[in-house]
Amino acid sequence: MTDEMPFTGEPVDSHEAIMRATFYALQEHGYAGLSIQRIADEADLSKSTFYHHFDGKDDLLLSFLEFILEEFDRVFQLERTGDPEADLKTFFGIVLGAYDFCEEIPAEEEFLEAYVELRAQAVRNPEYRAKFTETDRRFADRIAALVEEGVEKGVFADVDPDRTAQFLMSALDGITLRNATRNDDAMPAMRDAIDDYIRNRLLAENAE
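Every value quoted in this text rests on a predicted model; they were computed, and no experiment measured them.

**Brief notes about the pattern of salt bridges**
Inspection of every chain in the model, using the stated rule, returns 14 salt bridges. A salt bridge links Arg74 to Glu71; the nearest nitrogen and oxygen atoms lie 2.7 Å apart. Taken together, the residues Arg74 and Glu71, both in helix H4 (residues 57–79) and 3 residues apart, mark about one turn of the helix. In this structure Glu71 comes out as buried when scored by relative accessible area, which is 10%. Three or more residues joined by partner-sharing salt bridges are found here, namely Glu66, Lys131, Glu134 and Arg138.

**Observations regarding helix H9 (residues 187–202)**
A rise of 1.5 Å per residue sets the reference length of H9, with its 16 residues, at 22 Å; its end C-alpha atoms lie 21 Å apart and thus fit the reference within 8%. Among all positions in H9, only Met187, Met190, Ile194, Tyr197, Ile198 and Leu202 are buried. Seen from one end, H9 has its buried residues packed into an arc of 95°, which puts them on one side.

**Focus on the packing of aromatic side chains**
Across all of its chains, the model carries 11 aromatic pairs by this definition. Note on Phe72 and Phe76: the rings are 6.5 Å apart at their centroids and 5° apart in plane angle, and the pair reads as stacked. Taken as a pair, Phe72 and Phe76 lie in helix H4 at a separation of 4 residues, close to a single helical turn. With respect to burial, Phe72 and Phe76 carry one shared label: buried. Between Phe72 and Phe139, the aromatic rings sit 5.1 Å apart at their centres with planes inclined by 35°, giving tilted as the arrangement. Of the two residues, Phe72 sits in helix H4 while Phe139 sits in helix H7 (residues 126–152), which places them 67 residues apart along the sequence. Classification of Phe72 by relative accessible area gives buried; the value is 9%. Against the face of Tyr31 rests Lys57, its NZ or CZ located 4.1 Å from the ring centre.

About the criteria used
- Residues numbered from 1 in each chain as written.
- Predicted model: local features only at pLDDT ≥ 70, side-chain atom pairs only at ≥ 80, totals over all residues.
- Heavy atoms only, no water.
- Salt bridge = Lys/Arg side-chain N within 4 Å of Asp/Glu carboxyl O.
- Helix = DSSP H or I, 4+ residues; strand = E, 2+ residues; numbered from the N terminus.
- Buried < 20%, exposed > 50% of the residue type's maximum accessible area, 1.4 Å probe, protein only.
- Expected span 1.5 Å × (residues − 1).
- Arc of directions from axis to C-beta.
- Phe/Tyr/Trp six-rings, centres within 6.5 Å; stacked < 30°, edge-to-face > 60°.
- Lys NZ or Arg CZ within 6 Å of the ring centre and 35° of its normal.

This is the structure we're talking about:
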């Protein structure tokens, strides 16, 4: 899918087809209702193809989480401009679904609901816990690098990049959980709050 947005165009191989099918089947059936058979039906592939690549549902879903992280990185690299403020906003915009890249990509509410369901498995499953620990660390590192770049260029105030990244990661977690477990749409207000934080607390020209 080079130079394309996630899950658009034709899959380049069976692995990508499986990841795409997992994406849609997870949103349709949720974690509890998900099965290899349902993913196979979505991908129009045989179950044997899945078991050639994965040991079972959880092994597949852990691979799916890694795939999503890699796709996020790829899309972000396509969209970044070198402007620290714009790039930080783009980072959060992609995570929070502010960019309607393609009609083929499901709404961010559906994706984040699926994400929360998978994250809930980390409460009792050590493999999920390890994966989300790694994922959080990698996201925090990306945010910290963007903040550090902004500080070095004089765009952002002289803040601690790591502490700022941890704060923003906590905000992301809260936004994701709230939006996935409420009847109303809290996402627009949360996006505005992130923008306000960047504008009023990070930008050197506005920071106290």
